[in-house]
Amino acid sequence: MENAKTAAFLTHELRAPLTAILCALQIIKEEGSDGGNNGLLDTALQNAERLNRLIDDVMDSSKIQAGRLKMKPLASNPMKIAQETAISLQPWAKRQKISLRVKAEKNLPNVLTDAKRTMQALTNLISNAIKFTPAGGDITVSVERGTRDLAGSVVFSVTDTGPGLSPEELKSVFRYFIQGKKGVEREDGTGLGLPLARSFIEMLGGMMWAESNPGGATFKFTLPQVIGAEGNQAPASSSVPANTTSRPQQRSPRARPSSHC
């Protein structure tokens, strides 16, 4: 039964972008490839990129479920991870008229993580925030030391000013093929991004959870600090964007949702 659901989902997700690509190419074939068809070419390219992302997500999901996804944890600068991920998504946020900024404590300790997979997880969280944040909204990526129950870790947070999550959505948001109902209708998703992000973080020894309030939603995850010489405090990168500020306001950690990946 589960395989049938997966097949039906993939059939639906693959058909829409393929149809858009085929229609665009058919019109270009009939009308010629003059400058007036640049918009159609852009549409075809965007849908091809969407297909590529879907294939990557499905491959990663399959590897996780088969126990074949390997992590390569090394001492990494958490501020650099947050900055580079946010910078890569700035053009999309700007196009949607959304402010995307990073703020972090100074002299954060290194974290033990696979930087590539961590950036992929953070990309999924920021992408989700962009989809659910209206034009004129704000997205803040925060990085800070864990306190209390989270001591010994570094906490990454992605906070948006979207519609937030209902109690029901908080319980199911990390399940495969589940998408929020309040997102901007023009945006689409595969329902794989959040569960994959959580799986990556848990494989790296951290945890991920979601919080919601009337002013938006916050997704958080932890990564363990490096113990020993490699865990020496790493100064904030000199390439900090102009909109990066100092330490974020401390918020008390809440219990992680009971939803299952």
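In case you missed it, the structure is sitting above this.
Summary of the structure given here. (Residues numbered from 1 in each chain as written. Predicted model: local features only at pLDDT ≥ 70, side-chain atom pairs only at ≥ 80, totals over all residues. Heavy atoms only, no water.)

1. A word on the nonpolar core
Going by this rule: By nonpolar core is meant a set of buried Ala, Val, Leu, Ile, Met, Phe, Trp, Tyr and Cys residues that side-chain atoms within 4.5 Å join together. Buried means the residue's accessible area, taken with a 1.4 Å probe over protein chains only, is under 20% of the maximum for its type, while exposed means over 50%, and partly exposed covers the values in between. Under the scheme used here, helices are H or I runs from DSSP no shorter than 4 residues and strands are E runs no shorter than 2 residues, and both carry numbers assigned from the N terminus. Residues count as neighbours in contact if any of their non-hydrogen atoms are within 4.5 Å of one another.
Leu122, Phe156 and Phe219 are the most contacted members of the largest nonpolar core, which totals 45 residues. No other element matches helix 3 (residues 78–95), which puts seven residues into this core. Each residue touching Leu122, except ones within four places of it in the same chain, is listed here: Ile81, Ala82, Thr85, Val141, Phe156, Val158 and Phe221.

2. Some remarks on helix 3
For an α-helix, 3.6 residues make a turn, and residues three or four places apart therefore share a direction. So the rule is basically this: The length a helix should cover is 1.5 Å for every residue beyond the first. Whenever two N or O atoms come within 3.5 Å, that pair is a polar contact, provided that in protein one can donate a hydrogen and the other can accept it, and provided that, for residues adjacent in sequence, both atoms are side-chain atoms.
The end-to-end C-alpha distance of helix 3 is 27 Å, a good match for the 26 Å that 18 residues give at a rise of 1.5 Å each. At the N-terminal end of helix 3, a side-chain oxygen is found 2.9 Å from the backbone nitrogen of Met79, two or three residues along, and the residue is Asn77. At the exit of helix 3 stands Lys97, carrying a positive phi of roughly 60°.

3. So, the packing of helix 4 (residues 115–132) against helix 6 (residues 193–203)
The description of two helices packed together rests on the angle between their axes and the distance between the axes. Convention followed: Where helices are involved, their axes are fitted lines through C-alpha atoms of the stretch in contact, as for all axes, and angles between N-to-C directions lie from 0 to 180°. For a crossing to be left-handed, the near helix must be turned anticlockwise from the far one by less than a right angle; the clockwise case is right-handed. All residues other than Ala, Val, Leu, Ile, Met, Phe, Trp, Tyr, Cys, Pro, Asp, Glu, Lys and Arg, Gly among them, are scored as polar; the first ten of these are nonpolar and the last four charged.
Orientation of helix 4 relative to helix 6, taken along the N-to-C sense of each, is 150°, at an axis distance of 9 Å. You can see that helix 4 and helix 6 cross each other, and the crossing is left-handed. For the pair formed by helix 4 and helix 6, the contact residues are Arg117, Gln120, Ala121, Asn124, Leu125 and Asn128 on the first element and Gly193, Leu194, Leu196, Ala197, Phe200 and Ile201 on the second. Along the lines of polarity and charge, the residues of the contact of helix 4 with helix 6 split into seven nonpolar, four polar and one charged.

4. Thoughts on the environment of Ile64
Topologically, Ile64 is positioned in helix 2 (residues 38–66). By relative accessible area, Ile64 is classed as buried at 19%. Residues Ile64 and Met203, spaced 139 residues apart in sequence, show a C-alpha to C-alpha distance of 9.4 Å. Here Ile64 is in contact with Leu69, Leu196, Ser199, Phe200 and Met203, once residues within four sequence places are set aside.

5. Things to note about the sheet that holds strand 5 (residues 138–145)
Note the following rule: By the convention used here, strands pair only if DSSP detects at least 2 bridges between them.
Reading across the sheet, the five strands line up as 2-5-6-8-7 and stay open at both edges, with mixed pairing between neighbours. Of all strands in the sheet, those bounded by a partner on one side alone are strand 2 (99–104) and strand 7 (208–213). The sheet shows a mean angle of 15° between the axes of neighbouring strands, direction not considered. Pairing between strand 6 (residues 153–160) and strand 8 (residues 216–224): seven bridges, direction antiparallel.

6. Re the side chain of Asp160
Its location among the elements puts Asp160 in strand 6. In this structure the side chain of Asp160 is engaged in a polar contact, spanning 2.9 Å, whose partner is the backbone nitrogen of Gly162. In this structure Asp160 touches Ala129, Thr133, Asp138, Ile139, Gly215, Gly216 and Ala217, once residues within four positions along its chain are discounted.

7. Remarks on the pairing of strand 7
The buried fraction of strand 7 is high, at five of six residues. Here strand 7 hands over to strand 8 after two residues, the two strands then running antiparallel side by side.

8. What to know about unusual backbone geometry
Here Lys97, not a glycine, exhibits a phi torsion of approximately 60°, which is positive. Mapped onto the fold, Lys97 is located in the loop between helix 3 and strand 2. What makes Lys97 exposed here is its relative accessible area of 60%. Backbone geometry places Arg148, a non-glycine residue, at a positive phi of 55°.

9. Describing the packing of aromatic side chains
Here is the rule we go by: The rule is short: rings of Phe, Tyr and Trp, with Trp giving its six-membered ring, pair when the centres are within 6.5 Å, and they are stacked under 30 degrees, edge-to-face over 60, tilted in between. We count a charge as sitting over a ring when the NZ of a lysine or the CZ of an arginine lies within 6 Å of the ring centre and within 35 degrees of the ring normal.
Applying the stated criterion across every chain, the model contains two aromatic pairs. Centroid distance Phe156 to Phe221: 4.7 Å. Interplanar angle 5°. Geometry classified as stacked. Residue Phe156 is found in strand 6, and its partner Phe221 is found in strand 8; the two are separated by 65 residues along the sequence. Take Phe156 and Phe221: they sit in the same class, and that class is buried. When the centroid spacing of 5.9 Å and the interplanar angle of 80° are considered together, the rings of Phe174 and Phe219 count as edge-to-face. In this pair, Phe174 is assigned in the loop between helix 5 (167–172) and helix 6 and Phe219 in strand 8, connecting sequence segments 45 residues apart. Each member of the pair, Phe174 as well as Phe219, is classed as buried. Above the face of the Phe174 ring, Arg198 is positioned so that its terminal group lies 4.7 Å from the ring centre.

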